[in-house]
Amino acid sequence: MVDLPLTPLLDTVNTPADLRALAPEQLRQLADELRLETISAVGSTGGHLGSGLGVVELTTAIHYVFDTPRDRLVWDVGHQCYPHKILTGRRDRIRTLRQGGGLSGFTKRSESEYDPFGAAHSSTSISAALGFAVANRLAGTPGKGIAVIGDGAMSAGMAYEAMNNAEQAGNRLVVILNDNDMSIAPPVGGLSAYLSRIVTSREFLGLRELMKKFARKLPRPFHTAARKTDEFARGMTMGGTLFEELGFYYVGPIDGHNLDHLIPVLENVRDAEEGPILVHVVTKKGKGYAPAEAAADKYHGVQKFDVITGTQAKAPPGPPQYQNVFGQQLVKEAERDPTVCAITAAMPSGTGLDKFATAFPERFFDVGIAEQHAVTFAAGLAAQGMRPFCAIYSTFLQRAYDQVVHDVAIQNLPVRFAIDRAGLVGADGATHAGSFDVTYLATLPNFVVMAAADEAELVHMTHTAALHDSGPIAVRYPRGNGVGVELPATPERLAIGKGRIVREGKTVAILSLGTRLAEALKAADQLEAKGLSTTVADLRFAKPLDEAMIRRLLATHEVAVTIEEGAVGGFGAHVLTLASDAGLIDGGLKLRTMRLPDLFQDQDKPDVQYAEAGLDAEHIVETVLTALRHNSSGVAGARA
Ligand SMILES: Cc1ncc(C[n+]2csc(CCOP(=O)(O)OP(=O)(O)O)c2C)c(N)n1
Ligand SMILES: CC(=O)[C@@H](O)[C@H](O)COP(=O)(O)O
Ligand SMILES: [Mg+2]
């Protein structure tokens, strides 16, 4: 462990009240120490670094000027909240970040009164801050709603819905736009260009100020002309017009690392009669840490690293990541078929589409953090004869559910959904778990829903999806690395709705969907050792089900268990419905479904999470044995 410089001031600050006891001229040192502590902590835990380094001064200034927690501070996405957590009584736990039983990597209400609103999905902060502001107004109690939202998060429609509604808050709402000209990847779209114009036109703004000062010296009759000139100049500089048209007072752009600018501006904002106010702050993602500043991704998400060199811990060589298996296969599909195109919502590398972007830039679309738009954009592409792959993490696809139903499923448009991070995701915790996509997709008419059991299956399913033109189709797969099977040289077009028997037995049937297959095979070994002959089937499709296979397995085995990396209402529910409709459980079959528990699981290692969820080999064996002991009177029998 490297000894970092002492932090004499930070050691005296446990809460913002301690911070506010400091003199303004001490804040520079405090911020420097806070930056060092953030680097040191994330070096030992891994996590999100670049965005937090970019808001060290802003975090310091906000807690110094505003009366938190009475003023409700809402971070957007929340991945930049580590300095905030250090200043709000959690420095002692900051090295438990994103670990089982430790601090969440995002803001979380149950963690602290300084986290009035949980985050992790982007672009929610203005709506939430507005809620706090209006509630205070209605109650006649003091306290502002303060939203800190990044330029990336500002590319989502929800931010505009909130700003469109903000006038009612008056000066109780403050929006701080943290503009570091980065999302996870470089930002995209018209908004990013607009913000850049504002920031680069700062010189023009300087000229504008000069003109205003000069105009004030003119005799009154000239003031109208001067105002008109200023309006013209403002139009030229676009100095926040967009936000002003939405009813905000626009302040900025200001240097988000200069406390001498931040403190007085935020004090004026705090004391302003007018509102709502949007403060446009310009920062640098990764600020103050050379390896982060130099990195293309500004160390957005990092493994543990050596704080001296910035060298990240390398994962041991192993099977390829699912995201890359998908990305590489999609490139092959696009080489074969010029109508194949790809859409991401601001996550080109996480979805593996960065490879596609390089190979086919004209058929690659990064739409920004705009999942709803991504889905309906894909529907439009499909309606016009393209074969779009919409690659969105399971949890983020939740944001576009109505578009999936209304624009894709009802119209039966052949949009392909590549659903990464399906199932439990580990360190990102409950907000990022991909628990619900089978439940929310397999219930939709027209949809085909596949789950890859390993990386070879993902190749086949990507190919199958590329060729599937008769309606919407989705393939889900987990975060991380494959299981180590060989990738097929030639992808197979799977028969829709057909599963595969992986291991033949007689007494117990395990019907697996997705990557629980590995645990199902381990459980089969343990059951065979107990004299229980076990069939293991990979159903491949949650919709349509392989009815013939399911009917056969349920009719010929004593115990049948379904298992999936999803919540109730998914694959197991559909098998239960089939069994019930077909009278397959009338004859004494013992049928059990194994799925995620009815709760939001906090962060931990994925294997620990799945054991907690009861979805590992040990729990499969236990479920089978308990079912066998269970006799028709509902009392657990003596059978071992
Ligand atoms: C709805 C949603 N989609 C995608 C993401 C993934 N994501 C996390 S942070 C981020 C970029 C945010 O950019 P910005 O708001 O500018 O913050 P910065 O990292 O630059 O500080 C994205 C796309 C998310 N958290 N929520
Ligand atoms: C903050 C955020 O939402 C993303 O950075 C997310 O944490 C990425 O997840 P992966 O690490 O699984 O790509
Ligand atoms: Mg940004």
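Residues numbered from 1 in each chain as written. Chains lettered and ligands numbered in written order. Predicted model: local features only at pLDDT ≥ 70, side-chain atom pairs only at ≥ 80, totals over all residues. Heavy atoms only, no water.

J.: Break down the overall build of the protein chain for me, with residues and values.
T.: Check the secondary structure of the protein chain and you find 25 helices and 19 strands. A compact globule built from 640 residues would reach a C-alpha radius of gyration of about 26 Å, and the protein chain, at 28 Å, matches this within 12%. A buried classification covers 57% of the 640 residues belonging to the protein chain. In the protein chain, once contacts between residues fewer than 6 apart in sequence are set aside, the share between residues at least 24 apart is 76%. With an accessible surface of roughly 25600 Å², the protein chain has 55% of that area assigned to carbon and sulfur atoms. With 62 positive and 73 negative side-chain charges, the protein chain shows a spacing of 2 Å between the two charge centroids. (Helix = DSSP H or I, 4+ residues; strand = E, 2+ residues; numbered from the N terminus. Rg over C-alpha atoms; globule rule 2.2 N^0.38 Å. Buried < 20%, exposed > 50% of the residue type's maximum accessible area, 1.4 Å probe, protein only. Contact = heavy atoms within 4.5 Å. Areas by Shrake-Rupley, 256 points an atom, 1.4 Å probe, with all protein chains shown as cover. Lys, Arg positive; Asp, Glu negative; His and termini not counted. Charge placed at Lys NZ, Arg CZ, Asp CG, Glu CD.)

J.: Requested: an account of the site of ligand 2, with residues and values cited.
T.: In the vicinity of ligand 2 lie 13 residues, with H300, Y393, D428, H432 and R479 positioned nearest. Contact between ligand 2 and Y393: an oxygen atom at 2.6 Å from a side-chain N or O atom of the residue. One of the side-chain N or O atoms of D428 is found 2.6 Å from an oxygen atom in ligand 2. In the complex, 86% of the free accessible area of ligand 2, which totals 360 Å², lies under the protein chains. In the shell around ligand 2, the residues fall into six nonpolar, four polar and three charged. (Near = heavy atom within 4 Å. Polar contact = N/O pair within 3.5 Å; in protein donor to acceptor, adjacent residues only side chain to side chain. Nonpolar A, V, L, I, M, F, W, Y, C, P; charged D, E, K, R; others polar.)

J.: Quick one: what's the story with unusual backbone geometry, residue by residue and with numbers?
T.: Note that the residue after G275, namely P276, is joined by a cis bond; omega there is -5°. One can find P276 in the loop between α12 (259-271) and β6 (277-282). With an omega dihedral of -10°, the bond running from K543 to P544 counts as a cis peptide bond. Inspection of the secondary structure assignment puts P544 in the loop between β17 (541-543) and α22 (547-556). Its identity is not glycine, yet A346 carries a phi of approximately 75°, on the positive side. Note on placement: A346 falls in the loop between β8 (340-344) and α15 (354-359). The exposure class assigned to A346 is buried, which follows from its relative accessible area of 6%.

J.: Tell me about the UniProt feature "domain: Transketolase-like pyrimidine-binding" (unreviewed entry) in the protein chain, and please be specific about residues and values.
T.: UniProt marks residues 320-485 with the feature "domain: Transketolase-like pyrimidine-binding" (unreviewed entry), using the numbering shown here. Secondary structure content for residues 320-485 is 39% helix and 15% strand, and the end C-alpha separation is 10 Å. (UniProt positions renumbered as here; feature names shortened; annotations may be inferred.)

J.: Residues and numbers for the pattern of salt bridges, please.
T.: Inspection of the entire model under this criterion finds 34 salt bridges. A salt bridge links D67 to R70; the shortest N-O distance between them is 3.5 Å. On the accessibility criterion, R70 (40% relative accessible area) is partly exposed. Within the structure, one salt-bridge network assembled from shared partners comprises D11, E37, R91 and R95. (Salt bridge = Lys/Arg side-chain N within 4 Å of Asp/Glu carboxyl O.)

J.: Tell me about the UniProt feature "binding site: Mg(2+)" (unreviewed entry) in the protein chain, and name the residues and values.
T.: Per the UniProt record, "binding site: Mg(2+)" (unreviewed entry) is found at D151 and N180. The greatest C-alpha distance among the annotated residues, which extend across 30 residues, is 6.9 Å, indicating that they converge on a single site. Structurally, D151 is set in the loop between β3 (145-150) and α7 (157-163). A residue is classified by how much of its surface remains accessible, and D151, at 6% relative accessible area, is buried.

J.: Describe the sheet that holds β17, listing the residues and the values that go with them.
T.: With respect to topology, seven strands assemble into an open sheet ordered β9-β8-β10-β11-β13-β12-β17, the strand pairing being mixed. Edge positions in the sheet fall to β9 (364-366) and β17, since each has one partner strand and no second. Between one strand axis and the next, the sheet turns through 20° on average, direction left out of account. (Pairing = 2+ DSSP bridges. Axes fitted to C-alpha atoms, helices over the stretch in contact; angles between N-to-C directions.)

J.: Outline the pairing of strand β11 (residues 416-419), listing residues and values.
T.: Because side chains alternate across β11, one face comprises the buried residues R416 and A418, and the other comprises F417 and I419, equally buried. Where strand β10 (residues 387-391) lies against β11, three bridges are found, and the strand directions are parallel. Paired with F389 across the strands is R416, a residue of β11.

J.: Any details on the site of ligand 1? Residues and values, ideally.
T.: Around ligand 1 sit 22 residues in total, of which H79, A120, G152, K285 and E371 are the nearest. The separation between a nitrogen atom of ligand 1 and a polar main-chain atom of S122 is 2.9 Å. In the model, an oxygen atom of ligand 1 is placed 3.0 Å from a nitrogen or oxygen of the D151 side chain. Summarising the interface, the protein chains cover 97% of the accessible area of ligand 1, which totals 580 Å² for the free molecule.

J.: How would you explain the side chain of T562 if you had to name every residue and give the values?
T.: Mapped onto the elements of the fold, T562 is located in strand β18 (residues 559-564). Residues contacting T562, with those up to four places away along its chain left out, are L511, F571, G572, V575, R592, T593 and M594.

J.: Account for the coordination of the magnesium ion (ligand 3), naming residues and giving values.
T.: Reference values for angles at a metal are 109.5 degrees in the four-donor tetrahedral case and 90 or 180 degrees in the six-donor octahedral case. Protein coordination at the magnesium ion (ligand 3): the donors are D151 (OD), N180 (OD1) and M182 (O), at 2.0 to 2.2 Å from the metal. Mapped onto the sequence, the residues coordinating the magnesium ion (ligand 3) show the spacing D-x28-N-x1-M. For the residue pair N180 and M182, the accessibility class agrees, reading buried in each case. (Donors = N, O, S within 2.8 Å, 3.2 Å for Na, K, Ca; no water.)

J.: I'd like to hear about the confidence of the model for the protein chain, residue by residue, with values.
T.: Confidence along the protein chain averages 94 in pLDDT terms, with 92% of residues attaining 70 or more. Here the prediction assigns the complex a pTM of 0.93, and the interface score ipTM is 0.99. (pLDDT = per-residue confidence, 0-100.)

J.: Could you give me a rundown of the sheet that holds β18, with the residues and numbers involved?
T.: Backbone-to-backbone hydrogen bonds pair the strands of a sheet. The strands run either parallel or antiparallel. One open sheet holds the five strands; their spatial order is β14-β16-β15-β18-β19, and the pairing between them is mixed. Looking at the sheet topology across the chains shown, the edges are occupied by β14 (500-503) and β19 (590-594). Ignoring which end each strand starts from, the neighbouring axes of this sheet average 20° apart. Inspection of the sheet shows strand β15 (residues 508-513) paired to β18 by six bridges, in the parallel sense.

J.: Describe the packing of aromatic side chains, naming the residues involved and giving the relevant values.
T.: Inspection of the entire model under this criterion finds 15 aromatic pairs. An aromatic cluster of three or more residues is present, and its members are Y322, F326, F389 and Y477. The positively charged end of R363 is found above the aromatic ring belonging to F360, 4.3 Å away from the centroid. Positioned over the ring face of Y610 is R516, at 3.8 Å from the centre of the ring. (Phe/Tyr/Trp six-rings, centres within 6.5 Å; stacked < 30°, edge-to-face > 60°. Lys NZ or Arg CZ within 6 Å of the ring centre and 35° of its normal.)

J.: I'd like a rundown of the packing of helix α21 (residues 517-529) against helix α25 (residues 617-629), residues and numbers included.
T.: In the contact formed by α21 and α25, the axes pass within 8 Å of each other and the chain directions differ by 50°. The angle between α21 and α25 falls in the class oblique. Here the hand of the crossing between α21 and α25 comes out right-handed. Contact residues: α21 offers E519, A520, K522, A523, Q526 and L527, while α25 offers A617, I620, V621, V624 and L625. (Parallel < 35°, antiparallel > 145°, perpendicular 65-115°, else oblique. Left-handed = near helix turned anticlockwise from the far one by under 90°.)

J.: Hey, could you go over the environment of A456 for me, with residue numbers and the actual values?
T.: Position of A456 among the secondary structure elements: in helix α20 (residues 455-467). Once the C-alpha coordinates of A456 and G484 are considered, the two residues, 28 residues apart in sequence, prove to be 9.1 Å apart. Not counting the four nearest positions on each side in its chain, A456 is found in contact with V485, E486, L487 and P488.

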